[in-house]
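A closer look at the structure
Now for the letters of each chain:
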Amino acid sequence: MLKGKVLLAEDDLSLGFVIKDSLQDVGFEVTHCPDGEVAWQQYQKKEYDICLLDINMPVRDGFSLAKKIRQHSDVVPIIFITAKSLQEDKVKGFQSGADDYITKPFSIEELILRIEVFLRRTKKLQADTKEVYQLGKLKFVVNELKIYNGKEFITLTQKESDLLRFFAQHENKVLKRDEVLLNVWGKDDYFLGRSMDVFITKLRKHFKSDPNIVLETIHGVGFRLLINQP
């Protein structure tokens, strides 16, 4: 049974072969590309369930590739493969549209678990009945990854949707930073915290059409999604 279609962009051919072979052994279909430009060409040819992108690649690097993919789809999960010594790449990766990262050297078992977590979440959202939150004059439909303002809508990334869902479930309550990280990302570390700040900035931009929605930063504590009555 096919678990999912994976786009792998990795210029280290030995590592790329190991990842591709290992993923295929457990039921994934993998398209391995040796650089970012080839990966972009392949991405446009068919639908993928998840993208694994190395950062430092010839012709087109992972950041540029992620931005191109995000222009085409806000939904497909993107996991960056980063070098241990380049920790700043993690933050830049999230700003480029990544949902997660894995640091070299890593175990194939960990990579498979990361992939399966994203795919289970995506399939569950597709299968579930509609989960809807009314946020001021905006309507957030979780399984569609959309925020509606009347007939207009904004499409969220999977991680934006996960984060907004957690805030919406705790409307008007102060949530600690580590509480948000553990519930949305599954762990609490510095670089995931920087990533969360990036996604919170994006959510605030989505709320600009309704000034009654305020995503507050409670300094030294965390955040609160405050819905003011007009």
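Here we summarise the structure given alongside this text. (Residues numbered from 1 in each chain as written. Predicted model: local features only at pLDDT ≥ 70, side-chain atom pairs only at ≥ 80, totals over all residues. Heavy atoms only, no water.)

1. Here's the deal with unusual backbone geometry
Backbone torsion omega between Lys104 and Pro105 reads -5°, so that peptide bond is classified as cis. As for its placement among the helices and strands, Pro105 is situated in the loop between strand 5 (100-104) and helix 5 (108-127). In the Ramachandran plot, Val59 falls in the positive-phi region, its phi being about 70° despite a non-glycine side chain. With respect to the secondary-structure elements, Val59 resides in the loop between strand 3 (50-54) and helix 3 (62-72). A relative accessible area of 70% means that Val59 is categorised as exposed. Positioned with a positive phi, Asn172 is a non-glycine residue whose angle comes to about 70°. Turning to its location among the elements, Asn172 is positioned in the loop between helix 6 (158-169) and strand 10 (174-176). (Helix = DSSP H or I, 4+ residues; strand = E, 2+ residues; numbered from the N terminus. Buried < 20%, exposed > 50% of the residue type's maximum accessible area, 1.4 Å probe, protein only.)

2. So, the packing of helix 6 against helix 7 (residues 177-184)
At a closest axis distance of 10 Å, the pairing of helix 6 and helix 7 adopts a crossing angle of 125°. By the angle between their axes, helix 6 is oblique relative to helix 7. Once helix 6 is placed against helix 7, the crossing between them reads as right-handed. Along the contact surface, helix 6 presents Lys159, Asp162, Leu163, Phe166 and Phe167, while helix 7 presents Glu179, Val180, Asn183 and Val184. Its residues placed into classes, the contact of helix 6 with helix 7 shows 5 nonpolar, 1 polar and 3 charged. (Axes fitted to C-alpha atoms, helices over the stretch in contact; angles between N-to-C directions. Parallel < 35°, antiparallel > 145°, perpendicular 65-115°, else oblique. Left-handed = near helix turned anticlockwise from the far one by under 90°. Contact = heavy atoms within 4.5 Å. Nonpolar A, V, L, I, M, F, W, Y, C, P; charged D, E, K, R; others polar.)

3. A look at the sheet that holds strand 11 (residues 213-218)
Spatially, 3 strands are ordered 10-12-11 in an open sheet, and the strand pairing comes out antiparallel. The outermost strands of the open sheet, each flanked by one partner alone, are strand 10 and strand 11. This sheet shows a mean twist of 25° between the axes of neighbouring strands, independent of strand direction. Lying over the sheet, helix 7 contacts strand 10 and strand 12 (222-227), oriented at roughly 75° with respect to strand 10. Packed onto the sheet, helix 8 (residues 190-206) meets strand 11 and strand 12 and runs at close to 155° relative to strand 11. (Pairing = 2+ DSSP bridges.)

4. Comments concerning the sheet that holds strand 9 (residues 152-155)
The antiparallel open sheet is built from 4 strands, whose spatial order is 6-7-8-9. A strand with exactly one partner marks an edge of an open sheet, and here the two such strands are strand 6 (132-135) and strand 9. Here the average twist between neighbouring strands, direction ignored, is 20°. Where strand 6 meets strand 7 (residues 138-141), 4 bridges bridge the pair, whose relative direction is antiparallel. Pairing of Leu135 across the sheet is with Leu138, part of strand 7. On top of the sheet, helix 6 reaches strand 6, strand 7 and strand 8 (146-149); it is set at about 70° to strand 6, its chief contact.

5. A word on the packing of aromatic side chains
This structure, assessed with the given rule, holds 9 aromatic pairs. Seen from their ring centres, Phe63 and Phe80 are 5.7 Å apart, and the 65° between their planes marks the pair as edge-to-face. You can see Phe63 sitting in helix 3 and its partner Phe80 sitting in strand 4 (residues 78-83), a full 17 residues away along the chain. Classification of Phe80 by relative accessible area gives buried; the value is 1%. Geometrically, the ring pair formed by Phe94 and Phe199 is edge-to-face, given 6.5 Å between the ring centres and 70° between the ring planes. Of this pair, Phe94 sits in helix 4 (residues 88-96) while Phe199 sits in helix 8; the two residues are 105 residues apart in sequence, bridging distant segments of the chain. On the basis of relative accessibility, which here comes to 1%, the residue Phe199 falls in the buried class. Aromatic rings pair up to connect Phe94, Tyr101, Trp185 and Phe199 into one cluster. (Phe/Tyr/Trp six-rings, centres within 6.5 Å; stacked < 30°, edge-to-face > 60°.)

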